Every structure is written in structure tokens, then in C-alpha cells.
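Observations on the model geometry
Chain by chain, the residues run as shown.
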Amino acid sequence: MSGQRKAAQSGQPSKSPGAGALGAAGCDGGGSDELMGTAERRGELWVEEPARRRRMPDPVRTAAVRAVLIVALTLIQAVIAFLCTLADSWLAFPMVLSSVGSTVVATWGVLDVWVTRQVWNQRNGVVSAPNSTARQLRRERRQARRQTRTQGRPAPERIRRREGAGQLTHT
């Protein structure tokens, strides 16, 4: 957006007739306060962009965060075990043993993310496979919604026909 148009929108006169987007943003090296007020400068700092991919489901995201934390702690523990081994410390042997155990737990954490994602996709995800359980779950949800809608409707015998049925106004 040019500096003239922004100044016109804010009600301020434009002081630089040839200022383009760079001049309006204050990147021309001159005093940007001359060109526009604080509100206009603040508007250019935050530009919303659409998300590149969809957000992960909550159970999958929880498992992923847990796995990242476990893997990070395992790597820290492995580095400490290595340094204790180099220093010939008495703590080296217990640290190496616990690092092996932590590696098993970290592997479980990463597999947990994969399994959780697969389970979520099968239950709630794309329903392209004929044997997907998501088909049956969605069918049951649709039937439950239909039943609640029909229960909320008045019985057919209580509905009276009016003489002007189908007309917008009855006069």
C-alpha cells in the first residue's frame, strides 16, 4: 500500500508524493515519523498469513510434545554420560546405564506419536478406506443427529393447516 493512500486513509496529508511501500515503511533512511503516524507504522509490523498446513489433533500434539521432551532429556543425559566417561568419573557407569534406559523410553515416545496419529486418522480422519472405523462412527453420529431432530419436531397431528399455506403473508 502506498504512503499516499495510507495517509489519505488516516486523514493526514501526504508529505512525500513519490514514497512507495519502502518509503512509507520508514526504510528510506529518513525520519519515518514525518511520513506517517504511529498507527500506520504499527499496522505493518504484523502481517497475518494463512497456515501452511492444518493443526495437529490434540492427542497427536500432546504425544509429540511428550516425545520431544523425552528425546531432549535423553540427549542431554547421553552427553553428560559421555563427558563423565571422558573425565573418568565414578558417575559414568550409572549415567551410561540410565542413558540406555532413556533411549528405550525415547523410542517408545516417538512410536507413541506415530501410533496415536494412525489411531486418530482411522477414527476421525479421511474415510477413504472401506474398512475404516471412521465410516461407522460417522454413520452413527448422523443417525443420532437425525433422531434428535425428529424428536424436537412437533407431531404431525398437532400441525394445523392454514388456509393460506405456502403464502408469505396471511391477511
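These numbers come from a predicted model, not from an experiment. (Residues numbered from 1 in each chain as written. Predicted model: local features only at pLDDT ≥ 70, side-chain atom pairs only at ≥ 80, totals over all residues. Heavy atoms only, no water.)

**So, the packing of helix α5 (residues 58-86) against helix α6 (residues 92-124)**
Threshold: All axes are obtained by fitting lines to C-alpha atoms, using only the stretch in contact for helices, and the reported angles, taken between N-to-C directions, cover 0 to 180 degrees. Runs of E in the DSSP output that reach at least two residues are strands. Runs of H or I that reach at least four are helices, and both are numbered from the N terminus. Each angle gets one of four labels, with under 35 degrees taken as roughly parallel, over 145 as roughly antiparallel, 65 to 115 as roughly perpendicular, and the rest as oblique. Left-handed describes a crossing in which the near helix is turned anticlockwise from the far one by less than a right angle; the clockwise case is right-handed. In the scheme used here, Gly and all other residues not listed as nonpolar or charged are polar, with Ala, Val, Leu, Ile, Met, Phe, Trp, Tyr, Cys and Pro taken as nonpolar and Asp, Glu, Lys and Arg as charged.
Put simply, α5 and α6 touch, their axes get as near as 8 Å, and they point 160° apart. Classified by the angle their axes make, α5 and α6 are roughly antiparallel. Our pair here, α5 against α6, has a crossing hand that is left-handed. The residue inventory of the contact of α5 with α6, partitioned by class, reads 20 nonpolar, nine polar and three charged.

**Re the side chain of Gln77**
This is how it is decided: When a residue's accessible area, from a 1.4 Å probe over protein chains only, is under 20% of the maximum for its type it is buried; when over 50% it is exposed; and in between it is partly exposed. Between two residues, a contact is recorded if the distance between any of their heavy atoms is within 4.5 Å.
Within the secondary structure, Gln77 is located in helix α5. Judged by its relative accessible area of 18%, Gln77 is buried. Not counting residues within four places of it along the chain, the set of residues in contact with Gln77 comprises Met95, Ser98, Ser99 and Ser102.

**Re the pattern of salt bridges**
Here is the rule we go by: When a carboxyl oxygen of Asp or Glu is within 4 Å of a side-chain nitrogen of Lys or Arg, the pair counts as a salt bridge.
Tallied over the entire structure, the rule returns three salt bridges. Salt-bridge contacts for Arg55 lead to Asp58; the nearest nitrogen and oxygen are separated by 3.9 Å. Classification of Arg55 as exposed rests on a relative accessible area of 65%. For Asp58, a relative accessible area of 47% corresponds to the partly exposed category.

**A few points about the side chain of Thr74**
Considering the arrangement of structural elements, one finds Thr74 in helix α5. Excluding residues within four positions of it along the chain, Thr74 makes contact with Ser99, Ser102, Thr103 and Ala106.

**Examining the confidence of the model for the protein chain**
Note the threshold: Values of pLDDT, ranging from 0 to 100, describe the predictor's confidence in every residue of the model.
Per-chain confidence: the protein chain averages 75 in pLDDT, with 60% of residues scoring 70 or above. Confidence drops under a pLDDT of 50 for residues 16-26, and excluding neighbours within four residues, the segment shows 18 contacts in the predicted structure.

**Things to note about the layout of surface pockets**
The test is simple: Put simply, the grid is 1 Å and covers the protein atoms alone, a cavity is a trapped set of points that fit a 1.4 Å probe, a pocket is an open set with protein on both sides within 12 Å along at least five of seven lines, and lining residues have an atom within 4 Å of a point. Grid points are joined across faces, edges and corners, and a volume is the space filled by probe spheres set on the points.
Counted as a void, the largest pocket has a volume near 370 Å³. Lining the largest pocket are 12 residues, with Arg55, Met56, Pro57, Trp120 and Asn121 positioned closest to its centre. Tallying contributions element by element places α6 first for the lining of the largest pocket, with four residues. Taken together, the residues that form the lining of the largest pocket break down as five nonpolar, three polar and four charged.

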